[in-house]
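Topology and contacts: notes
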Amino acid sequence: MTRKVIAIEEKDGPLRAMLQSLMRMVPDRDQDDVSLQRLLAFRLHLDGEAALKEYLMTKIRAAVQCAYTGRLYDFLRNDLTAGQCCGEHADDPSTEIPGGV
């Protein structure tokens, strides 16, 4: 089965410019991650720039709140990681460590 892969490094024009703008939002350590660039290019192609910016800001904020230290690419593609450390009750005081101050 043949599939079309979005090879962003071969593209020019508005898609490339939008991706470069989005990559400025990414932490410095992940700027050169080709897997992340391809994932974002795919999402950009499907969802558009505004939706991807909102998604990326939400996920980066979640990664920071969770003190996630791995690759942003892994955080984005692994919903379990995001759900485990940043569930809907992450800010709920009842979920804090007992005896913590």
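Residues numbered from 1 in each chain as written. Predicted model: local features only at pLDDT ≥ 70, side-chain atom pairs only at ≥ 80, totals over all residues. Heavy atoms only, no water.

For the structure on display, the rule yields 6 salt bridges. A salt bridge links Arg-71 to Asp-74; the shortest N-O distance between them is 4.0 Å. On the accessibility criterion, Arg-71 (34% relative accessible area) is partly exposed. On the accessibility criterion, Asp-74 (22% relative accessible area) is partly exposed. Here Arg-77 ties to Asp-74 by a salt bridge, and the two come within 3.4 Å at their closest N and O atoms. Note that Arg-77 and Asp-74 are positioned in helix 4 (residues 72-77) at a spacing of 3 residues, about one turn of the helix. Given the relative accessible area of 54%, Arg-77 is considered exposed. In the salt-bridge network here, residues are joined through shared partners; they are Asp-33, Arg-71, Asp-74 and Arg-77. (Salt bridge = Lys/Arg side-chain N within 4 Å of Asp/Glu carboxyl O. Buried < 20%, exposed > 50% of the residue type's maximum accessible area, 1.4 Å probe, protein only. Helix = DSSP H or I, 4+ residues; strand = E, 2+ residues; numbered from the N terminus.)

Membership of the largest hydrophobic core comes to 14 residues, with the highest contact counts inside it found for Val-26, Leu-36, Leu-40, Leu-56 and Leu-72. Elements with a contribution of two residues or more to this core: helix 1 (14-23), helix 2 (34-47), helix 3 (49-65) and helix 4. Sequence-distant contacts of Leu-36, defined by excluding residues within four places in its chain, comprise Met-23, Val-26, Asp-30, Leu-72, Tyr-73 and Leu-76. (Core = buried A, V, L, I, M, F, W, Y, C linked by side-chain atoms within 4.5 Å. Contact = heavy atoms within 4.5 Å.)

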